[in-house]
Amino acid sequence: MTAEDVVVCGAGITSFARTEESGRQLAVRAVRDALADAGLPWARVRAAYGGSDAAGNADTLVAELGLTGVPFTNVRNGCATGGSALVSAVNAIRSGAADVALAVGFDKHPRGAFDPRPADWGLDEAYGHDGLMVTTQFFAMKIQRYMHDYGISPRTLALVAEKAYANGVLNPHAWRRKPLDAAEILASGMVNDPLTRYMFCSPGQGAVALVLCSRAVARQLGGTAVALRAAVVRTRRFGSFEVFSPWAPAGTPTSVTADAAQLAFEEAGLGPGDIDVCQLQDTESGAEVMHMAECGFCAHGDQESLIPFGATGIGGSLPVNTDGGCIANGEPIGASGLRQVHEIVQQLRGRAGERQVPGDPATGFTHVYGAPGVSACTVLTR
């Protein structure tokens, strides 16, 4: 089978706002919504993959969904958990092992910052004692260097967040639905220079499920099919400057994001210039800026002449994070990558409501990045 043979036939999502529901309850709801969207019963799913960082094992969802004997594999790969579950589901269909497969990601993080332990990441305890397990420091170091090298201004970082909150207002599933302007964002209090409080996402909750199927099943179902032309996951190469590994040799650092994006475009037979709408990891404002170039959508430094003039807005030449991204939705680790794909599916179906990109978009791209240097990318077409 080829990549064109894999189709997204159903998509379900929950609100990302805080609720009393457990992560598992959110996941069950997302799966049932995705199945209803596809017009398929749970018993028709031939393989399932899913994961969560903090809310339990995905395979236990069968207790509520139905004891059908379906092979259900738990996936845990940091922020790339959802993307990794998706790749697994895609490969099940491409290999002929299943003609209908499920990918689900969910989480419900406690309030407050993430608290990773050095030993879990293969690091000495001194790394934590020195404060380097605080991810905001890594994000600040990386964007500081980037701003110096390519002339990116603090105001551009604020405009990224301003766009995120504006798009969140239009997204009924978003956690943060209050608009904030660039001046408020710049004045919101420095966390790690140059990143202020409202430039960051926060740990949160939510669930997303996608039902994938073969082209033959999609023809039987009818409806608006969205082809998953590429889905890839890559880990870092030597020389990359990554969270929990903020070191790089002399010269230009390698980039796991650039590696994953290039492979995804090669697999899809498309290039960045063919994409109508995209979702890029925005753990904080600087991430979206850097990932625009690392994924090939502009040259390094060109963000300064694109973002301030609305190029990445919903009506711009390259709409980015039309649902508000992580900044407006928060980051439930297991769900984030699949939330991105869900948004592109809605955009390509023309079902994104007030945040619908004009001009009948036909191609989309997603990118997620996470510790300790993992990136997942997809390319979708209508």
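Before any of the text, the structure's been laid out above.
Participant: I'd love a proper account of the packing of aromatic side chains, names of residues and values included.
Facilitator: As enumerated under the stated definition, the model contains 6 aromatic pairs in all. Ring geometry for Phe 265 and Phe 297: centres 6.1 Å apart, planes at 75°, overall edge-to-face. Separated by 32 residues along the polypeptide, Phe 265 in helix 9 (residues 256-268) and Phe 297 in the loop between helix 10 (285-294) and helix 11 (303-306) bring together distant segments of the chain. Across the pair, Phe 297 and Phe 265 agree in class, each one buried. Measuring from ring centre to ring centre gives 5.0 Å for Phe 265 and Phe 365, while their planes differ by 10°; the resulting arrangement is stacked. Placement of the pair is Phe 265 in helix 9 and Phe 365 in strand 10 (residues 363-370), with a sequence separation of 100 residues. Its relative accessible area of 5% is what places Phe 265 among the buried residues. For Phe 365, a relative accessible area of 0% translates into the label buried. Clustering of aromatic rings is evident, with ring pairs tying together Phe 138, Phe 139 and Phe 241. Positioned above the aromatic ring of Trp 175, the side-chain terminus of Arg 176 is 5.5 Å from the ring centre.

Participant: Lay out the pairing of strand 1 (residues 6-13) with the relevant residues and their values.
Facilitator: Walk down a regular strand and you will see the side chains alternate between the two sheet faces. Taken across its 8 residues, strand 1 has 8 buried, putting it largely inside the fold. The pairing of strand 1 with strand 8 (residues 226-235) spans 2 bridges and is antiparallel. Directly across from Val 7, in strand 8, lies its bridge partner Ala 227.

Participant: Quick rundown of the packing of helix 5 (residues 135-150) against helix 10? Include the residues and the values.
Facilitator: The contact between helix 5 and helix 10 brings their axes to 10 Å, and the two run at 55°. Here helix 5 is positioned oblique relative to helix 10, judged by the angle of their axes. The hand of the helix 5/helix 10 crossing is left-handed. Residue-level contacts link Lys 142, Ile 143 and Tyr 146 of helix 5 to Gly 286, Val 289, Met 290, Ala 293 and Glu 294 of helix 10. Of the residues assigned to the contact of helix 5 with helix 10, the class counts are 5 nonpolar, 1 polar and 2 charged.

Thresholds, definitions, all that
Residues numbered from 1 in each chain as written. Predicted model: local features only at pLDDT ≥ 70, side-chain atom pairs only at ≥ 80, totals over all residues. Heavy atoms only, no water. Phe/Tyr/Trp six-rings, centres within 6.5 Å; stacked < 30°, edge-to-face > 60°. Helix = DSSP H or I, 4+ residues; strand = E, 2+ residues; numbered from the N terminus. Buried < 20%, exposed > 50% of the residue type's maximum accessible area, 1.4 Å probe, protein only. Lys NZ or Arg CZ within 6 Å of the ring centre and 35° of its normal. Pairing = 2+ DSSP bridges. Axes fitted to C-alpha atoms, helices over the stretch in contact; angles between N-to-C directions. Parallel < 35°, antiparallel > 145°, perpendicular 65-115°, else oblique. Left-handed = near helix turned anticlockwise from the far one by under 90°. Contact = heavy atoms within 4.5 Å. Nonpolar A, V, L, I, M, F, W, Y, C, P; charged D, E, K, R; others polar.

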